[in-house]
Each structure stands twice: as structure tokens, then as C-alpha cells.
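# Descriptive structure summary
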Amino acid sequence: MKIGSSLLANPDLLTPRWAFIQRLLEDITKLRNDGYEVVLCSSGAVALGLNMLGEKPETAGLRDKQAAAACGMPLLLNAYKQVAHEFGFDIAQVLVTLQDMEERKRFLNTKNTVHRLLQGDILPIVNENDSITTEEIRVGDNDRLAAKVAQMIQADHLVILTCIDGLYDRNPEEEGAQLVEEVSDVSEYIAVTDGTSSLGSGGMLTKMQAANMAQNAGCTTLIANGEHEEPVSSVLYGQRKHTKCIAHTKPASAWAAWLTDRLQVAGSLVIRDDVAKKLSKEIDHIRHEDIKSIQGPYVKGDVIHVYDEHGEEIARGMTNFSSEETMVLARHPEMPPKDLLGYQTGGTVISRENLIILEDRHLLWDSPKEETFVEVSDT
Ligand SMILES: Nc1ncnc2c1ncn2[C@@H]1O[C@H](COP(=O)(O)OP(=O)(O)O)[C@@H](O)[C@H]1O
Ligand SMILES: N[C@@H](CCC(=O)OP(=O)(O)O)C(=O)O
């Protein structure tokens, strides 16, 4: 489950909302007794740390927020620790960065830690390590981070608690806005997800993106207002209104889900239209001679996005070469790759087992700006 900042910090005083934490952990105790394994993804560190620095949410910059997270994290965890103690269980903190989710080895390492904590009956509390992340290398919102965690542990449900009853069919401030109770295709709602609460980071947009990632991994997302006596179980047991984003009946494998549903784009390729048309039918990998242009820099092992010549995203895959190496290979298709790179290689840029062709179920990313691509034909 994921808990937004405005539920954990008093929006005016920026102090912990003890009563909410009490209700939440009491409810988690009940769920644990009912046999659920719970992982918590908690926001609130930045909001709770601002007072110590004399900063306000509206005016704090990135450096202020990095420092505020360092101030607020112990306050947040202390609150959880104290209340969990009352209910007779232990908590543990798992602080992660973007790379821990995006790099396969680190992802699996984090997964082992979370599983070991669950085995020990300890409640893992996950958050981004905001103090050491910068604008370019951060997840930035805990909605998508929670979806990554759900994907990691192959969760059945992701419950996102926020300050509103769920997704509305238009700006919730607009007259006549209606709660959407069930969503299959989240792409239908991306256009109506503008804006956040005063303490929030991603608003409904990142909740929809998170729901899509979870769906693809076979996990149903429930988005609900946290202001309730039994904030989570009442949603999970269908006792009050919320938004349910239904999991796909044929979820991707753990590998395919990790590869496809990502938090940041490392780089991109544009491939020739004739190859793009045959992809998945006659062609199942990408070779250096298929490439029209490259957007880097990226390194070997990064997951890159593949576009056709019209800017439509068609696949994602783990690359066998850095962007520099790919360019060298693509510019000299007539030469043996071994001679170009100085080591034995076949020149396949994305191998079959590392290439996922996108389906309707995936939210597509906009093509990066044209000027950021380097044409293979330019010398
Ligand atoms: N279509 C929509 N339906 C519901 N909320 C929306 C919608 N579009 C934007 N929002 C905004 O999303 C906010 C919730 O997200 P956010 O502020 O990030 O909360 P949290 O801190 O819980 O993540 C709501 O307060 C609302 O202003
Ligand atoms: N990692 C940040 C929260 C980021 C975030 O997603 O906030 P929110 O939109 O309130 O869930 C923190 O602990 O303050």
C-alpha cells in the first residue's frame, strides 16, 4: 500500500498526523491477522522535515527538499515505530533510489531484502532516498515506486491512499465531476489528471501510471481516500467507494514486467519503417543495420525505447551495446562488428529474449525531442 504525504503530515503545521498513523497501523494489524502480507510505501519525509529548515512546501527547492527528507525521515519512522510497537509488531526501513529499481541486479537485491523482512513478520516501509537523489536521477513520486514494489513482490493488490476518494472523470473541482469506480484502460483518463494537492508530488497522473504498471504485472490497484476508520481493509473488502484499476488477466512474466514498465528512459532508437512493420511477426530482434537514429548516452545493459520513423513507440529492450558502440556499428554495416569494436560480437543490438513488443495495454511514452537524436547517416 502507498500512503500520500497529506495523510501523514498536517498540511498547515507539517507535524505527524498521529491519529491517522494509529488508524493505519491498527488496520494493518487486522490485515496481517487476516493473513495478508503487507508492504508499506510511505511518503511524508519531506513534508515532516520542512519545519526544521524553516521552509514551506510551496517555496522549497530541490536542495531544501533533499535536506528536509533527511530531517523528516527519522520523525516519520519514529512515529511508525512507536505506534507499531503498541500493536505488537516491528517495522523496518527500506530506502531506495531510481537505480535500485531500474538495474536488474539491484532490483533483485532489494526484492531479497523485502522478502526476508516479510519472512521475519516485519513490516517493510519503503521510500525513496530523497536526500541523495537529484532531479535527473530520481523516481520523484511514490505512486510509481509503490507499483514497482508491487511488481517486485508480485503483489495481488496495490492500495493507494490519498486525500481524495479516487479518480474523477474530470478535474474534481469542476461541477459534476464523477468518481470512476472501475478502470480497465487507464489511458482513457490520462488527459484528466492535472494538478496535485498542496503536499502531493504526482497527483492522479502518477497514480494512473502506477496502476498501469501494476495491471501489467497482474496486480489490481485500489485508489481511495485515507480518511476512514479502517483506511485499507474497508477498501480491500469493498465496503466503501473507491477506484479499482483491474489487473490484466494475462499478466506479463516478472522479467517482461520489469523490462517494460519502467521509471525513466535511458535512451532511444529509431528503426527503419520496413523493419518496424515486421517486428514481432518476422523479426524478433534489432540489428545495427536496422537503426536510423540514436538518442543517448546510454550504456550496455540499459533498457532503451524503440520508435518507428513516425515517432510511435513500438518496443522496449535491453541493449547489448552503449550508444557510442551502437552508432559505430550502425554507421558501418558493411564491416564485421568484431573489427569495429575490437571484441567478438554478432552485432545484434537488442536480442530476442531482451526485446518486448508493446501492446495496447502499455502506456506509451512520448518520443523524445527530435533534436536529441543523432542520425546514423550524419557523419
Ligand atoms: N481526475 C482526477 N481525479 C482525482 N484527483 C485528481 C484528478 N486530477 C488531479 N487530481 C489531484 O490529485 C490529487 C491527489 O494526488 P496527490 O496530491 O499527489 O496526493 P498524494 O500526496 O496522496 O499522492 C488530488 O488532490 C487532486 O487535486
Ligand atoms: N519521497 C517523498 C514523497 C514523494 C511523493 O510521492 O509524495 P506524495 O505524492 O505525497 O505521495 C517523501 O517521503 O516526502
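Model, not experiment: these values are computed from the prediction.

## Regarding the packing of aromatic side chains
- Tallied over the full model, the rule gives three aromatic pairs.
- Ring geometry for Y36 against Y237: centres 6.3 Å apart, planes inclined by 45°, an arrangement best described as tilted. Of this pair, Y36 sits in the loop between α2 (18–33) and β2 (40–42) while Y237 sits in the loop between α9 (233–236) and β8 (243–245), placing them 201 residues apart in sequence.
- What makes Y36 partly exposed here is its relative accessible area of 31%.
- Relative accessible area serves as the criterion here: at 31%, Y237 is assigned to the partly exposed category.
- Aromatic side chains F107 and W258 sit 6.3 Å apart centroid to centroid with 50° between the ring planes, which places their arrangement in the tilted category.

## Remarks on the site of ligand 1
- Around ligand 1, the surrounding shell holds 23 residues, and the nearest of these are T162, V192, S197, G203 and K207.
- Here an oxygen atom of ligand 1 and a side-chain polar atom of T162 are 2.7 Å apart.
- At 2.9 Å from a nitrogen atom of ligand 1 is found a main-chain nitrogen or oxygen belonging to Y168.
- Top contributing element to the shell around ligand 1 by residue count: helix α8 (residues 203–216), with three residues.
- Class assignment for the residues of the shell around ligand 1 results in seven nonpolar, twelve polar and four charged.

## Thoughts on the UniProt feature "binding site: substrate" (unreviewed entry) in the chain
- Sequence positions flagged by UniProt for "binding site: substrate" (unreviewed entry) are, in local numbering, S43, D130 and N142. The greatest C-alpha distance among the annotated residues, which extend across 100 residues, is 10.9 Å, indicating that they converge on a single site.
- Relative to the elements of secondary structure, S43 occurs in the loop between β2 and α3 (45–53).
- Setting aside residues up to four positions removed in sequence, S43 forms contacts with K2, I3, G4, S5, L8, L76, N127 and N142.
- The residue D130 is located in the loop between β4 (123–128) and α7 (142–153) in this model.
- In this structure, D130 is in contact with V46, Q66, A69 and R138, ignoring residues within four places of it in sequence.

Rules of the game
Residues numbered from 1 in each chain as written. Chains lettered and ligands numbered in written order. Predicted model: local features only at pLDDT ≥ 70, side-chain atom pairs only at ≥ 80, totals over all residues. Heavy atoms only, no water. Phe/Tyr/Trp six-rings, centres within 6.5 Å; stacked < 30°, edge-to-face > 60°. Helix = DSSP H or I, 4+ residues; strand = E, 2+ residues; numbered from the N terminus. Buried < 20%, exposed > 50% of the residue type's maximum accessible area, 1.4 Å probe, protein only. Near = heavy atom within 4 Å. Polar contact = N/O pair within 3.5 Å; in protein donor to acceptor, adjacent residues only side chain to side chain. Nonpolar A, V, L, I, M, F, W, Y, C, P; charged D, E, K, R; others polar. UniProt positions renumbered as here; feature names shortened; annotations may be inferred. Contact = heavy atoms within 4.5 Å.

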